[in-house]
Amino acid sequence: MRLVFLGPPGAGKGTLAVRLADHFSLAHIATGDLLRLNVQEGTELGKKAKSFLEQGALVPDDFVIAMVKERLKKPDAKKGFILDGFPRTTAQAEALDKVLSQDGIPLSCVAYFDTSLKTITDRLNGRRTCWVPAAIASEPMGSELGDTFGRKRRIILRALSSLVLMLPVLNVKVRPL
């Protein structure tokens, strides 16, 4: 099974992807997780992406595409995968199509999660996260978490940055890939 889950942040893609990946033993591939992992492991792509992440900017398509291509080559992804929130752009969709076509790998399903703006903002307003570790947290704002390197990171509200990035595209019609 090879699935692609598309939709705005807070639509439920990640929640369902984790559950289905576990139930069907599929690789769950989320670009945010890939970016953080590459930065943490100090890969060449991770080093390049780090400056964008630290500035709160979107990482350019070519970096994201390269990370996803590498991830799809791993043995667990050969058995099946769920792409969570990828592709996000036309360039990413075209690159994914090319990679899968070259390897003769058809997608089983592409699902778009359509959710109201109110539901999205309610969900995002409840998300608090710590960049390292990258888990969504329920601790109060301003709490400190230790990461695997013994550093402290403050819990921050993710909603504002997520919402600001997605508002310009909420009313765009989705067309078939």
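Now for a quick tour of the structure. Since the structure is predicted, the reported quantities are computational estimates derived from the model, not experimental observations.

Another point: the environment of D61. For D61, the position within the fold is in helix α4 (residues 61–72). With 30 residues separating them along the chain, D61 and A91 place their C-alpha atoms 7.1 Å apart. Here D61 is in contact with T89, A91 and Q92, once residues within four sequence places are set aside. There is a polar contact of 2.9 Å between the side chain of D61 and the side chain of T89.

The subject of this paragraph is the pattern of salt bridges. If you walk through the whole model with that rule in mind, you get four salt bridges. Between E70 and K73 there is a salt bridge, with the nearest N and O atoms lying 3.3 Å from each other. Judged by its relative accessible area of 54%, K73 falls in the exposed class. The salt bridge involving R71 is made with D76; its shortest N-O contact spans 2.7 Å.

Take the pairing of strand β1 (residues 2–6) next. Taken across its five residues, β1 has four buried, putting it largely inside the fold. Summarising the sheet, β1 and strand β3 (residues 81–84) pair through four bridges and their orientation is parallel. Bridge pairing in β3 links L3 to I82.

Reading the values: rules and limits
Residues numbered from 1 in each chain as written. Predicted model: local features only at pLDDT ≥ 70, side-chain atom pairs only at ≥ 80, totals over all residues. Heavy atoms only, no water. Helix = DSSP H or I, 4+ residues; strand = E, 2+ residues; numbered from the N terminus. Contact = heavy atoms within 4.5 Å. Polar contact = N/O pair within 3.5 Å; in protein donor to acceptor, adjacent residues only side chain to side chain. Salt bridge = Lys/Arg side-chain N within 4 Å of Asp/Glu carboxyl O. Buried < 20%, exposed > 50% of the residue type's maximum accessible area, 1.4 Å probe, protein only. Pairing = 2+ DSSP bridges.

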